[in-house]
Amino acid sequence: MLKKNSGFNAKLSGAIILLSVLLYGCGNSSVSNQHATWRDYGGGPDQSKYMIVDDITKDNVNQLQVAWTYPTADDRSYQWNPVIVDTIMYVLAKNSSLVAINILTGKEMWIHTNLRGIASRGINYWESKDKKDRRLLFQMNNYLQAIDALTGKSILTFGNKGLVDLKEGLGYDPETVLRAQSNTPGKIFENLLLLGGAPGENYVSTAGHLRAYDVVTGKLAWVFHTVPHPGEFGYDTWPKDAYKYIGGVNTWGEITVDEKRGIAYYPLGSPTYDYYGADRIGSNLYGNCILALDARTGKRLWHFQTVHHDLWDYDLAAAPQLITVDHNGKKIDAVAVASKTGFLFVLDRVTGEPVWPIEEKPVMASDVPGEESWPTQPFPTVVPPFNRQKITSSDLNPYFLSDSEKADWKNRLDTVPTGLFVPVSMKRETFAIPGAVGGASWGSTAAIPEKGIVFVRSIDYPSVYGKVTKIDPPTPEEAAANEKVAGGRAIYTNSCQACHGADKRGGIGPELLSLKNKINVKEFQHLVNNGKGEMPAFASLKEEDVKNLYNYITSNTGFGYRLFGMSGNTKVAGPVVDSGGAPGGLDQRPVKGPAASFTYGQNYGIPYPEGVDAPTDRYFIPPGWGLSVPYIVSPPWSTITAYDLNTGKIKWQVPIGTDKEAAKLGGKNTGMLRAQRQGMIVTSTGVLFCTGKDGKIYAFDVDNGKELWSYELPTGTEGIPAMYEIKGKHYLVVCATSSFKFGRGDEKAAADAPSPTPESKKGSYLVFALPDKK
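Nothing here was measured: the structure is a model prediction, and the numbers come from that model.

Asks: Describe the overall build of the protein, naming the residues involved and giving the relevant values.
Replies: Secondary structure assignment for the protein yields eight helices and 39 strands. Out of the 774 residues in the protein, the part that is buried amounts to 60%. Sequence-distant contacts, at least 24 apart, represent 66% of the contacts inside the protein between residues at least 6 apart. As displayed, the protein has an accessible area near 29800 Å², and 51% of this comes from carbon and sulfur atoms.

Asks: Break down the environment of Ile391 for me, citing the residues and quoting the values.
Replies: By the secondary structure assignment, Ile391 is in the loop between strand S23 (376-380) and helix H2 (403-414). Taking the C-alpha atoms as reference points, Ile391 and Pro417, 26 residues apart in sequence, are found 9.7 Å from one another. With residues near it in sequence (within four places) discarded, Ile391 still touches Leu413, Thr418, Phe431, Ile433, Ile632 and Val633.

Asks: Break down the packing of aromatic side chains for me, with residues and values.
Replies: Under the defined criterion, the tally for this structure stands at 31 aromatic pairs. For the ring pair Tyr273 and Tyr275, a centre distance of 6.0 Å and an interplane angle of 65° mean the geometry is edge-to-face. No difference in accessibility class separates Tyr273 from Tyr275, as the two residues are buried. Of the aromatic side chains, those joined through ring pairs into one cluster are Phe304, Trp312, Tyr314, Phe343, Phe345, Phe379 and Phe421. Over the ring of Phe233 we find Arg300, and its NZ or CZ is 3.9 Å from the ring centre. The positively charged end of Lys504 is found above the aromatic ring belonging to Tyr552, 4.3 Å away from the centroid.

Asks: So what about the environment of Leu708? Which residues, and what values?
Replies: With respect to the helices, strands and loops of the structure, Leu708 is situated in strand S36 (residues 707-712). In this structure, the C-alpha to C-alpha distance between Leu708 and Leu688, residues 20 residues apart in sequence, is 9.3 Å. Residues contacting Leu708, with those up to four places away along its chain left out, are Lys58, Val61, Asn62, Val687, Ala699, Phe700 and Asp701.

Reading the values: the criteria
- Residues numbered from 1 in each chain as written.
- Predicted model: local features only at pLDDT ≥ 70, side-chain atom pairs only at ≥ 80, totals over all residues.
- Heavy atoms only, no water.
- Helix = DSSP H or I, 4+ residues; strand = E, 2+ residues; numbered from the N terminus.
- Buried < 20%, exposed > 50% of the residue type's maximum accessible area, 1.4 Å probe, protein only.
- Contact = heavy atoms within 4.5 Å.
- Areas by Shrake-Rupley, 256 points an atom, 1.4 Å probe, with all protein chains shown as cover.
- Phe/Tyr/Trp six-rings, centres within 6.5 Å; stacked < 30°, edge-to-face > 60°.
- Lys NZ or Arg CZ within 6 Å of the ring centre and 35° of its normal.

Structure (structure tokens):
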């Protein structure tokens, strides 16, 4: 692997790329071919992560070795799923640069640098029928963009001079929308890119309507309202004005496509606010639904709601799995949907009818004023859950709790109701398992489609919610102060963000999160008006403007999420062909209207629009989603479950990974705490690969879960691995760029842990293969 190609020639490189395509090109992306290539996020349209191979088997998988590596040349943590088309692999590296690598030589072909804010999990690839137009499509800073897959340069004929504004087409004034893009790529179907989004999870967020775009022009092809408008199916499951103020109900996870039928399957998240729904009385379609749409038109075909009137943040996010099963003597094309609740829902993929009965069972009612929780929830009757769904004092961790902590947690657990669908309360704390990030999430599913076998990688991650509290609307004085913060946000976005970062964590300039502890407002005004060192002077800012800027910087406001790789640009070595995407794509646009003064955290939030009929009382859980103590439960904390959906039974279940701190105390096969963001690949030869939070890549026997091989990576790993074939030989690609976290993972554990060395932070993409035959 060459880290640098200083003699790069654009024309020569293009010729080499074209020659490689002609010699080794795989052809098309038809249904029959999708399991032989890895041309899209998750492998292909059906997201099965299933690969047809003949060289890597159960007998020789333990001979896999590192064939070559590609260093990321930075210390960032990536969740990138590589895409491989013909002889080119596309990865994110070098301070959020998109890099095309020749998989025959390991050399860089081109680098498009400085894609700060790009969706962190991957991209989509599309090619025309004559293969003359090949492009990579991606989301970045709430825009959709396209890059020429062969040259690496932005396609400026796409959209408006290379940009499609994802804040448009949602039914709102784009200038008032805080967030639109997801960190998960969409899905290609024919000449369309199907997209979800991540609009936010607070009161009066924007709705996560589903959209499709023409991959050549960037034009909006269709929109499906996930919060129905008047006259649309499902409108009567909400209050009459809900479509004007309810947000969420979005696909921030993985879309699956049945190419043959032209059906797209969307796993949808919960409505906002996640934990209180007095302003959304009803069952709330299409919240928490698996939704089947005509991929060409966006027309609803069917839906199935996995949680009614969600009060637990039980989004669907994992890729629906398309399988064929033998059921009562008939072949059924089904879809299996893994959820945060630990349930696997199995439905006829054409009609949406359950393959086995799903019963509505009574659940506990909410005691929060104004709330009308749904009286029943759906429970599969045949297919068993893959996660624990109740926590009691007998489930307490034997390794990481002191005697006094065990006694405290035992008392707390023994004095409150526990179990699935216990709502949060003003009178008691609430224990939920799976919690807000437990169960199955993105990257968590795989399948052997024709055999009806589904694999679910899941985590037992509890949420412990404190008592909910009521937050009153702001007083006129507080509202005026919020308006000043909004003005400061606009100044920051235009004048400060490029150097100090969207989240104020620094980049070219220093971090500003601790500014209030360093200088007061008068000192700040002098600094801003006069400049210092490399910081220019902003003499035109008036005293009131500077005060508003100071108030914004020292408040707990922000964009609510850290744009991936938002620190300052760094010079990149190698065959750089372009930088920053299309012009204007790096600009952070100030938000106008009520959302501009929105403060993240436990406050009242954005007010309801004028004229709507909605309750003014709002209730909140304490900050943090109850996620600070996952270590209170006993292992296993992360598992792989194999289902035979011809029978509806679990074939096997095994832990994935081992916690090193628990192992020191005698723990074995514990799985890993906080084991999100891993992925799987399954082969036709019966091998299941899965990355572990413990920094290993594992291979299991698909028939019984027996471990066949493991390899300890130089760093931790996140994201879905990939696989490709060249000259009859298959290669496994793993993104290894993350840090390790073992044990409790809280402040006490952090204080006891050794500091990482600079070398331990260096990441790479590792490519595994069998040794060449002699």
